[in-house]
Amino acid sequence: MADLTTTHVTFPAGATTGTATVLAVRPLPAGTGVIVGSTPFHPLDHSWPDQPGDTGALAADGVEYAVTDCLTGGVGPDGEFAVGTDIPVRRGDESWQWLAVHVLDGTEAPAPGTTIELRVDEARRAALSAAHTGCHLMALALNEALADRWRKEARTDGLDHPDFDSLAMDTSRIGLDASTDRYRLGKSLRKKGFDPEGLREALPELTAKINARLAVWLGQDAPVRIDTPGPELTARRQWVCELPERTIEIACGGTHLHRLGELAALTAELTLSEDGTELVVVTTPKRG
């Protein structure tokens, strides 16, 4: 395993198929892991597990193997192999080689040296891409809607609004039907200058503002792409959206739509916890 090099990935450009040679097969707690040199599959990031790994199939010599998950794996400097939350370092640590691990049920797998076809579940990928693009747009609209609640200067987003999304973010999860973002509204955020006073009463107005902005952006059908400095799994990729106001860049390792016009609608629903310390935003895309 020590001679493996970091997996090259083609999903940033939207690829869902590919051909590669099996480099290694490893037993996993739940199934078998297949490692190749290049893949269209998007793996779950163990450091920031927002978008699930792709599913699909591997095919070789007339046999098809169902891929039930795709995980981030790594080989450490001493040759140790680890997957997912068992990896003791953050993704990108230069002393490790970083791998996309295709998870198969059971022990049957194509042998190392076999040439295989890789096929991502395109419908599932499209649903996750729609939700992930919607999540980024919601973040920009949310920042704008909350801009007048900041009493101190704060780090800003690409549209020059205080970046509530990054400053308050707790968790973000991309689902097949919607994305769910949870924000902490505790003492730390207040010290940074955010004023949560009256937020509960303002939720209907804030929701209306956010959804109105989202509708305008969808109507303008801005192009979307992922910029990447290289094909490596660990490359620092950027989500780029050419909004009429300005071209926006957000660091992102996931998959996305190619144009905002691929969505027929995008709506956000805001709720506040009973104690007022957590804001939850569920953003639901409707594809055209």
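As a starting point, this report considers the structure included with it. What you are looking at is a predicted structure, and each value in this text was computed from that prediction instead of being measured.

### Let's talk about helix H1 (residues 122–145)
- Taking 1.5 Å as the rise per residue, H1 with 24 residues should run 34 Å; its terminal C-alpha atoms sit 34 Å apart, in good agreement.
- Two to three positions downstream of the cap, the backbone nitrogen of Ala123 sits 3.2 Å from a side-chain oxygen, assigning the N-cap of H1 to Asp121.

### Observations regarding the state of the cysteines
- Counted according to the given criterion, the structure contains 0 disulfides.
- With no disulfide partner, Cys70 has as its closest neighbouring cysteine sulfur the one in Cys252, 16 Å distant.
- With a relative accessible area of 0%, Cys70 lands in the buried category.
- The structure places no disulfide on Cys135, whose sulfur is separated from the nearest cysteine sulfur, that of Cys252, by 8.4 Å.
- Owing to a relative accessible area of 6%, Cys135 belongs among the buried residues under this scheme.

### What to know about the pattern of salt bridges
- Here the structure, examined in full by the defined rule, presents 14 salt bridges.
- As a salt-bridge pair, Arg182 and Glu278 come within 3.3 Å of each other at their nearest N and O atoms. Of this pair, Arg182 sits in strand E11 (residues 179–184) while Glu278 sits in strand E16 (residues 278–287), and the two are 96 residues apart along the sequence.
- The exposure class of Glu278 is partly exposed, given its relative accessible area of 23%.
- Put simply, Glu64, Glu117 and Arg119 are held in one network by salt bridges that share partners.

### What to know about the nonpolar core
- In this structure, Leu142, Phe164 and Leu279 are the most contacted members of the largest nonpolar core, which totals 42 residues.
- Among the elements of the structure, H1, helix H2 (164–168), helix H4 (199–219), strand E12 (224–227), strand E13 (238–242), strand E15 (263–272) and E16 are those that each provide at least two residues to this core.
- No other element matches H4, which puts 8 residues into this core.
- Grouped together as the second largest cluster of nonpolar side chains are 15 residues, Val34, Phe41, Leu118 and Val120 included.

### Here's the deal with H4
- Between its terminal C-alpha atoms H4 stretches 29 Å, which fits the 30 Å expected from 21 residues at 1.5 Å a residue.
- Residues of H4 that are buried include every one of Leu199, Ala202, Leu203, Leu206, Thr207, Ile210, Leu214, Trp217 and Leu218, and no others.
- Those residues of H4 that are buried are in contact with H1, E15 and E16.
- Phi turns positive one or two residues past the end of H4, at Asp221, with a value near 50 degrees.

### Some points on the environment of Ala13
- Inspection of the secondary structure assignment puts Ala13 in the loop between strand E1 (8–9) and strand E2 (17–28).
- When the C-alpha atoms of Ala13 and Pro223 are compared, they prove to be 13 Å apart, with 210 residues separating the residues in sequence.

### Quick look at the environment of Lys152
- Position of Lys152 relative to the elements: it lies in the loop between H1 and H2.
- For the pair formed by Lys152 and Gly193, sequence separation is 41 residues and the distance between their alpha carbons is 4.7 Å.
- Once residues lying within four places of it in the same chain are set aside, the contact partners of Lys152 are Lys191, Lys192 and Gly193.
- Polar contacts involving the side chain of Lys152 include one to the main-chain carbonyl oxygen of Lys191, which spans 2.8 Å.

Rules used in this analysis
Residues numbered from 1 in each chain as written. Predicted model: local features only at pLDDT ≥ 70, side-chain atom pairs only at ≥ 80, totals over all residues. Heavy atoms only, no water. Helix = DSSP H or I, 4+ residues; strand = E, 2+ residues; numbered from the N terminus. Expected span 1.5 Å × (residues − 1). Polar contact = N/O pair within 3.5 Å; in protein donor to acceptor, adjacent residues only side chain to side chain. Disulfide = S-S within 2.5 Å. Buried < 20%, exposed > 50% of the residue type's maximum accessible area, 1.4 Å probe, protein only. Salt bridge = Lys/Arg side-chain N within 4 Å of Asp/Glu carboxyl O. Core = buried A, V, L, I, M, F, W, Y, C linked by side-chain atoms within 4.5 Å. Contact = heavy atoms within 4.5 Å.

Function-wise, these values are silent; they only describe arrangement.
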